[in-house]
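Architecture at a glance
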Amino acid sequence: MSARQFLKLLASLVALAICTGAAAAQSSVKIGLILPMTGQQASTGRQIEAAARLFMQQNGTSVAGKTIDLILKDDAGTPDVTKRLAQELIVNDKVAFLAGFGITPSALAVAPLATQAKVPEVVMAAGTSIITQASPYIVRTSFTLPQATVPMAEWALKNGIKKAVTLVSNYGPGLDAEKAFSETLTKGGGQILGNLKVPLANPDFSPFLQKVADLKPDALFVFVPSGSGALFMKQFLERGLDKSGVRLICTGDVTDDDQLNGMGDVALGVVSTHHYSAAHDSPENKAFVEAFKKANNGMRPNFMAVGGYDGMHLIYEALKKTNGATGGDALIGAMKGMAWTSPRGPISIDPETRDIIQNIYVRKVEKVNGELYNVEFETVPNVKDPVKAAKK
Ligand code: DHB
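Description of the structure in this document. Residue indices follow the written sequence of each chain, beginning from 1 at its first position. This being a predicted model, a pLDDT of at least 70 is required before a residue's local features are given, and a value of 80 or more before pairs of side-chain atoms are given or counted; all residues contribute to the totals for chains, interfaces and linings. For the side-chain quantities, the full set of heavy atoms in the structure was used; hydrogens and water were omitted.

1. Some thoughts on the packing of helix H10 (residues 303-321) against helix H11 (residues 328-335)
Defined as follows: Every axis in this analysis is a line fitted to C-alpha atoms, fitted for helices over the stretch in contact. Angles between the N-to-C directions lie between 0 and 180 degrees. Working definition: helices are DSSP H or I runs of at least four residues, strands are E runs of at least two. Numbering for both runs from the N terminus. Under this scheme an angle from 65 to 115 degrees is roughly perpendicular, one under 35 degrees roughly parallel, and one over 145 degrees roughly antiparallel; angles in between are oblique. A clockwise turn of the near helix away from the far one marks a right-handed crossing, whereas an anticlockwise turn of less than a right angle marks a left-handed crossing. Here a residue-residue contact requires only that any non-hydrogen atoms of the pair lie within 4.5 Å.
Put simply, H10 and H11 touch, their axes get as near as 9 Å, and they point 110° apart. For the element pair H10 / H11, the angle class is roughly perpendicular. Read as a crossing pair, H10 and H11 show a hand that is right-handed. Residues Leu314, Ile315, Ala318, Leu319 and Lys321 of H10 touch H11, and the partners they reach there are Leu331, Ala334 and Met335.

2. Here's the deal with the layout of surface pockets
Worth spelling out the cut-off: Points on a 1 Å grid over protein atoms alone make up a cavity when a 1.4 Å probe fits among them but cannot get out, and a pocket when they form an open set with protein on both sides within 12 Å along at least five of seven lines; lining residues each have an atom within 4 Å of a point. Grid points are joined across faces, edges and corners, and a volume is the space filled by probe spheres set on the points. By the convention adopted, Pro, Cys, Tyr, Trp, Phe, Met, Ile, Leu, Val and Ala count as nonpolar, Lys, Arg, Asp and Glu as charged, and the other residues, Gly among them, as polar.
Here the largest pocket defines a volume of roughly 310 Å³. Along its surface, the largest pocket is lined by 16 residues, and Pro146, Lys179, Ala180, Glu183 and Val387 are the ones closest to its centre. A total of six residues in the lining of the largest pocket trace back to one element, the largest contributor, which is helix H6 (residues 172-187). Split by residue class, the lining of the largest pocket holds seven nonpolar, four polar and five charged. Forming the boundary of the second largest pocket are Ala278, Ala279, His280, Asp281, Asn285, Lys286, Val289, Lys293, Arg300 and Tyr373.

3. Let's talk about the side chain of Gln235
Rules: In this scheme, a residue with accessible area under 20% of its type's maximum is buried, one over 50% is exposed, and one in between is partly exposed, where area comes from a 1.4 Å probe on protein chains only. Polar contacts, as used here, are pairs of N or O atoms within 3.5 Å; protein pairs need one atom able to donate a hydrogen and one able to accept it. Residues neighboring in sequence count only if both atoms are side-chain atoms.
Structurally, Gln235 is set in helix H8 (residues 229-238). Gln235 gets classed as buried once you look at its relative accessible area, which sits at 10%. Among the polar contacts listed, one links the side chain of Gln235 to the side chain of Asp204, at a separation of 3.5 Å.

4. Considering the pattern of salt bridges
Threshold: By definition here, a salt bridge exists when the distance from a side-chain nitrogen of Lys or Arg to a carboxyl oxygen of Asp or Glu is within 4 Å.
Applying the stated criterion across every chain, the model contains 17 salt bridges. Put simply, Glu88 and Arg84 hold a salt bridge, and the shortest N to O gap is 3.3 Å. Of the two residues, Glu88 and Arg84 are both situated in helix H3 (residues 79-91); the distance of four residues between them amounts to about one turn of the helix. Looking at Glu88, the relative accessible area reads 30%, which means it is partly exposed. Exposure remark for Arg84: the relative accessible area of 45% places this residue in the partly exposed category. Here Asp355 makes a salt bridge to Arg140, at a shortest N to O gap of 2.8 Å. Of this pair, Asp355 sits in the loop between strand E13 (345-349) and strand E14 (356-368) while Arg140 is found in strand E6 (residues 138-140), placing the two residues 215 residues apart along the sequence. By relative accessible area, Asp355 is classed as buried at 1%. Judged by its relative accessible area of 0%, Arg140 falls in the buried class.

Remember that the coordinates give geometry; whether it matters functionally is a separate question.
Pasting the structure below:
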């Protein structure tokens, strides 16, 4: 090869490298997935990561000609860290989406950044009603506490529960649950004997349970976040509340599928309301549970997993609609009104609020093939977040 030929070859190789590099950079879409992979909320992170990876395994890593690049970050459930990680993902990684958000304070901490950068913030876990109002770029695939709680109070009224005490974790979703339950029960002629609030971090339920025993309500309504239900149940049993005649009712966060089977017989018969049970009887859910367990050493998916799975579905479908174009306005526009069949049942994104509309199921803990499950026995169809619905 002559020197001239060599230089020509070199030049074309360099050009090729530049083109390929540019094409690769252009054709990838980055999703910054921020989750609590450590700390008190670690089960939420574990479930959502597993679900997001399962979705990608089943649906491929290429959408509308773009390669999907999932970047996972651990915020340990600390909102300051969530915010810093979101900033880095926006500025350094140039993510097209921010997703995850294990707890309400983390979702809220990122809202101003999503607004400023016009990056969609897909909330896959957190459940305080107000979150979607914190930025026009927020969309939610989890649930809201009032959405899950109002049907619980309605069920209580229909089933002879007249006097109740509420016990909730003392932060956004707990306060939402307390208010929704108390207002609905009172409006229906019931009475609230006490509103007990337990710290979110390292809770000790014992003194609060003693109070419940003293107040002697017909029922105790409980919300604790995913990951804390087993400790609550243990202390409920230790305090002898299971034999006190006080009926335990709760949102499905307490009888969380991630922990339920380890709670023991104390959980049997507990009635709860929620948007997802691993026992949901549909072909879509059977396939989801089977694939999820297979990919994760037999781990049972919980409601957090389904929020992550559907969040990925929403991202993929939005990209298909925009033909791979990114930019918050186009993507959020594409997401509004989107409807599909989730493992939890039919769901859609409310075009007015960007919040999820879904069925809420009334369930009872039963033993099925030797394992504890939330068995659904009533469906309240197409529930919107009642707080935002009431404001209109
Ligand atoms: C939130 C967290 C949870 O783990 C849960 O089950 C419900 C709500 C939250 O912080 O919004």
